[in-house]
Amino acid sequence: MANAKIPLSARVKTYEKKAAFLWFQQASAWLELSMLNSYQNEHSESHKNTQEIMSQLSVNIQSVSAVLAEEDNRTTFTTLIDHQVNYRIPLQVFSTGLSFFPSLFSSMALSLHLSLPHKNFSSPFASFSPAIKLPPTIHINSCYPLKSIHTKPYHLKKCHAVADAPSAIPPSLDAEDGVLIGPSSEEETRGDGVVADYDWTEEWYPLYLTKDVPTDAPLGLNVFDKQLVLYKDGQGELRCHEDRCPHRLAKLSEGQLIDGRLECLYHGWQFEGEGKCVKIPQLPANAKIPQSACVKTYEVKESQGVVWVWMSLKTPPNFKKIPWFENFSRPGFQDTSTIHELPYDHSILLENLMDPAHIPISHDRTDWTAKREDAQALRFEVTERNRRGFAGRWGKEKDKKLLSFLRFQAPCVLSNDIEFADEKGVTQYFTGLFLCRPTGQGKSMIIVRFGATKRPQMAKLIPKWYFHQNACKIFEQDMGFLSSQNEVLMKEKVPTKELYINLKSSDTWVAEYRKWMDKVGHGMPYYFGHTTISLPEVPAVVEHAPAGLVAGVSASSPAKGGIGTMHAPNVNNRYFRHVIHCKGCTSVVKGFQAWKNALSAISLALTALAILASGRQWKTFLLVSASLCFAGVYACSTAIAMNTTNFIRTHRRL
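Residues numbered from 1 in each chain as written. Predicted model: local features only at pLDDT ≥ 70, side-chain atom pairs only at ≥ 80, totals over all residues. Heavy atoms only, no water.

(A) Examining the pairing of strand S17 (residues 444-452) more closely. By the criterion of burial, S17 is predominantly enclosed, with eight of the nine residues buried. Alignment of strand S11 (residues 334-342) against S17, held across nine bridges, turns out to be antiparallel. Bridge assignment links His-340 to a residue of S17, and that residue is Ile-446. Direction of pairing for strand S16 (residues 427-438) relative to S17: antiparallel, over a ladder of nine bridges. Within S17, the position partnered with Phe-434 by the bridge is Val-448. Between S16 and S17, which pair antiparallel one after the other, the connecting turn spans five residues, and Gly-440 there sits at a positive phi close to 125°. (Buried < 20%, exposed > 50% of the residue type's maximum accessible area, 1.4 Å probe, protein only. Helix = DSSP H or I, 4+ residues; strand = E, 2+ residues; numbered from the N terminus. Pairing = 2+ DSSP bridges.)

As structure tokens, then:
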């Protein structure tokens, strides 16, 4: 791969999309126009209704011809049409119409051929009318503004990246020099979409780490656009309801727990674990609580330290679908787990996590393994594909044996396992586990778990909060790229195949994931697949927790809106993304803050005593002690900053 050339498609990507669009637009326009003319001749009463549509289509066709008349556009468009554009869609439609209007479609083929520039170009419709002799060239003088009925206008512009492109493009750009990822199945080669039965609600989603679920307050969470409230009842059992009071739709996650019951703080309605309302303060003494005064309840289950929720209210939970991770049940297996809220879509997050090629570049020197000079071609072997996901092995291209085994399983679970033998010949196991949860358009949450049966002695001496802040740094290094990627996908509104240049030596898992989305995306609220998309209907909602004195006091309880007054209330801030969701880091920040305040007070007191002291020895002792306290204050401030301050790349600093 070291001597591989830059793919030609990378240089003609702009022309490819626009040329294909113009080709299909013109073919479709001629087809519709011809069929409407035929229909009009046979049913004269429809003349008035079809006249306006035909007029629009005629303008459309003339506009395309005008764009193609320019010399630069003609050459590039012809080359791309000759070798790159897939004629399957217009030919299928054309052949269908041919059976109904044979004579009409023969003349249509000639008309369509005349409207296109012909530089070594053979019309795809020529095979339907072999008796027609087509001229080699044609000059077009029409000039109209480009206009489309159902789509945004496209204008071909000269691209410097294709200035030196050869006149003949290889038949398959997708497999040029073996660099780019091509079709992975016969169905994909033919362009036939494979659809699998899928319903996003009939899945288990990771909600939270069990150890971080608050015991004194409800917790508001999202799965796609469904708002949930999670809490522990009086018996310590996990409960999950729709985060909406049936009275006046107030958020129950903004409420409180009283004797194990969930209380809405708007009017004081209380609900027990099964969702039944047990108290309404405003109800008369002898009145019964209405049966409709209940909340929807979701099934939750704890497994291997993670709380999972079944999102279907119609289908009984299938407990066999709860993921089980073999390595986490092995004797001696230890892991470090963190949870993070992120400002981009879960599909982009998963793409990032299954992309090992970016690690040496984006995370250079972040830890002891990522180094920029180690960026190289990788090798991937897909061993399994099904409607639940895919799996395979990967490693460096030069490796004889691929040690890393990656598995993606629905709905959004990714694991990377490695087995190796230590110096004593004992098999050791390592797992990187990523449990993603979609939390709405442009938002996601992830539980990260790294564990192994054998850990270095040095790792045991490092506090867990250090690993947590390092994980935050890694996400922040990618955050700018992934947030902008999310914006581009929403703006362009086209499948990723039209936007990505996927390399076999780096992007195999990304392509596999987007192709899996093609199969099951129809069962999701929205998705961006490799060749298909379904845009979200519900717009993005950005919720800010309140700031101020009350928020600072309740900073340990995210459900109460506490994020601390010194921290910006947005999902891009490390404190809001991680610390408030992690009991360990919250305690660490509070502990360092307490030590900082105490040492600050002690250092000031020692300084004052040193000023008042008359003896030289006492002055020296008190000043040295005050200096040590000031050093402690600095150390505590540094630790607090490490846990709460976002990473900023050196070249971005002002």
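There is more to say after this.
(B) Geometry of empty space enclosed by the protein. Using the criterion set out here, one finds two cavities of 30 Å³ or more in the structure. Volume-wise, the largest cavity comes out at about 60 Å³. Around the largest cavity, the lining residues are Asp-345, Ser-347, Ile-348, Gln-441, Gly-442, Asn-486, Leu-489, Met-490, Tyr-526 and Phe-528. Elements supplying a minimum of two residues to the lining of the largest cavity: helix H7 (346-353) and helix H10 (464-492). The greatest single-element share of the lining of the largest cavity, amounting to three residues, is contributed by H10. Along the lines of polarity and charge, the residues of the lining of the largest cavity split into five nonpolar, four polar and one charged. Contributing to the lining of the second largest cavity are Tyr-198, Tyr-205, Phe-224, His-346, Pro-411, Cys-412, Pro-438 and Met-524. When grouped by side-chain class, the residues that make up the lining of the second largest cavity number seven nonpolar, one polar and no charged. (1 Å grid on protein atoms, 1.4 Å probe; cavity = no way out; pocket = protein on both sides within 12 Å on 5 of 7 lines; lining within 4 Å. Points joined across faces, edges and corners; volume = space filled by probe spheres on them. Nonpolar A, V, L, I, M, F, W, Y, C, P; charged D, E, K, R; others polar.)

(C) Spatial organisation of the packing of aromatic side chains. Counting across every chain of the model gives 21 aromatic pairs. Taking 4.8 Å as the distance between ring centres and 50° as the angle between the ring planes, the aromatic pair formed by Phe-328 and Phe-333 counts as tilted. Judged by its relative accessible area of 14%, Phe-328 falls in the buried class. Judged by centre distance (6.1 Å) and plane angle (20°), the ring pair of Tyr-513 and Trp-516 falls under stacked. Placement of both Tyr-513 and Trp-516 in helix H11 (residues 508-520) is noted, with a separation of three residues, approximately one turn of the helix. The same class applies to Tyr-513 and to Trp-516, which are both buried. Following the ring pairs from residue to residue traces out a cluster consisting of Tyr-198, Phe-380, Phe-390, Phe-408, Trp-509, Tyr-513 and Trp-516. Of note, Arg-330 hangs over the ring of Tyr-429, and the distance from its end group to the ring centre comes to 3.7 Å. (Phe/Tyr/Trp six-rings, centres within 6.5 Å; stacked < 30°, edge-to-face > 60°. Lys NZ or Arg CZ within 6 Å of the ring centre and 35° of its normal.)

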